[in-house]
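# Coordinates in review
What follows is the residue order along each chain.
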Amino acid sequence: MRLIETLKNIWKVEELRQRILTTLFFVLIYRLGSYIVIPGIDPNQLSALHKQTSEGLMALLDMFSGGAFSNASIFAMGIMPYISASIVMQLAAIAVPSIQKLQQEGESGRRKIDQWTRYLTVVLLLVQGSAYLVNLNMQLRQAGGSLPEGLWFDIYAIVVMAAGSMFVLWLGERITDKGLGNGVSLIIMIGIIARLPGAVLAEWGTRASGGAGGLVWFLFEIVFLLAVMAGAILLVQGTRRVPVQYAKRVVGNKQYGGARQYIPLKVNAANVMPIIFAQTIMMLPITLLSWAQGDSANGFVQAFMDNTGIWYNLVFAILILLFTYFYTAITINPAQMANDLKRNNGFIPGVKPGKATKDYLDAIMDRITLPGAFFLAIVAIMPAFARVIGISGGFAQFFGGTSLLILVGVVLDTLQQIESHLLMRHYDGLLKSGRIKGRTGSVAAY
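Everything quoted here is computed from the prediction, not taken from an experiment.

This part is about the sheet that holds strand β5 (residues 346-347). Spatially, the three strands line up as an open sheet ordered β4-β1-β5, and their pairing is antiparallel. The sheet is open, and its two edges are formed by β4 (260-266) and β5, each paired on a single side. In this structure, strand β1 (residues 239-246) lies alongside β5, joined through two bridges in antiparallel fashion. Bridging across to β5, Q245 finds its partner in F347. Taken strand by strand, helix α14 (residues 334-343) contacts β1, β4 and β5, and its axis lies near 170° from that of β4.

Structure follows, in structure tokens:
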């Protein structure tokens, strides 16, 4: 079989074999750490926390941490504070001239921005760690327990969780350097996959024990999930190729240029960022309004806390459309692309260099971003449709949203890297139909 032959080829490549084993080793450390409870907390009293993280935003946070959040683990904060800090720094690069200047300084500027991102991550960890302990104490009281009293325990627990998250970040960097793929993205993906078997078995048990539709309905759910994944793959890989011609130049006896190349413009250049932005915007007012008193405020909050409701998903989809255009505009710079082409004696056939090229690229981005934004919005609200047709909340999370796009994107990037190692050593690729396409641009899932 071709699969067995491919696995043998992968094992024959010593560097690839070492990278795979190294990645598995670091992932094993991460998974073991997610079950180490913060010292001083009784794991038998976490039933209320497990219940709280079974649905809603808490379920999403628990998924990204691989279950460490609900286990009150030393890795409870996971990698998300670093993701939040990275988003803040990306936005700051738009508004703060000094950070823009650092971005243009190459490797030295990137290192400085990375250093600031880590400092901001520590600050976020201290704030989120305090909020986590407050919530954890409330859940323990519901189970008849409580956190150890005293300021020293609070300081100690926050420091332990902050150190745990920074250790997870270090593991991600080691995977990037010595393993396969982008380590931070891979760690997030592992956290998502860790909950998939349990969700599938729970759904199977529900249908097998006499649930609506029985096993036939379960088979339909699996087919539906595969169809959504296929759509997500198309969304991640979708590109529009713009032909570029380079002018011929003769230097001495050698001729340069003259070859036709292509600029790949992504249909979904923003990746999962619009969904993350939209989720943040949706949660902030809900959190604030939930403190308000009165029936009208409570009714408004209830309408938007129901993630299967019409109003929640309508506003959510509109925000995703807006943020898709916003993030695409700040990541794709047609003016810079036009200047680079002109500087390198390149041009788009039939389009004048300079402003005309910039306007042409702008028009193409507008045309391909619109269907990509609608498709991204549909994928984001797909879990709500899954819940409406009777799929359990834990399993429905895998039918769309941030989790599905991260899962698909990271898997494609990792497979693409494996295929590159095979082709470089003259082995066949992973597919007969052609090479695997990962996400162009940054390989980070966020």
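Turning to the pattern of salt bridges, a few remarks are in order. One pass over the structure, following the stated rule, counts nine salt bridges. For R174, the salt bridge goes to D177, with nearest N and O atoms at 2.8 Å. Taken together, the positions of R174 and D177, both in helix α8 (residues 151-178) and three residues apart, correspond to about one turn of that helix. Residue classification places R174 among the buried residues on the basis of a relative accessible area of 18%. A relative accessible area of 47% places D177 in the partly exposed class. Between R207 and E203 there is a salt bridge; the shortest N-O distance is 3.0 Å. Separated by four residues within a single helix, R207 and E203 lie in helix α9 (residues 183-208), roughly one turn from each other. Take R207 and E203: they sit in the same class, and that class is buried. Through salt bridges with shared partners, a single ionic network connects E203, R207 and E221.

Here is what the cut-offs are and how they apply
Residues numbered from 1 in each chain as written. Predicted model: local features only at pLDDT ≥ 70, side-chain atom pairs only at ≥ 80, totals over all residues. Heavy atoms only, no water. Pairing = 2+ DSSP bridges. Helix = DSSP H or I, 4+ residues; strand = E, 2+ residues; numbered from the N terminus. Contact = heavy atoms within 4.5 Å. Axes fitted to C-alpha atoms, helices over the stretch in contact; angles between N-to-C directions. Salt bridge = Lys/Arg side-chain N within 4 Å of Asp/Glu carboxyl O. Buried < 20%, exposed > 50% of the residue type's maximum accessible area, 1.4 Å probe, protein only.

These figures come from the coordinates and say nothing about function on their own.
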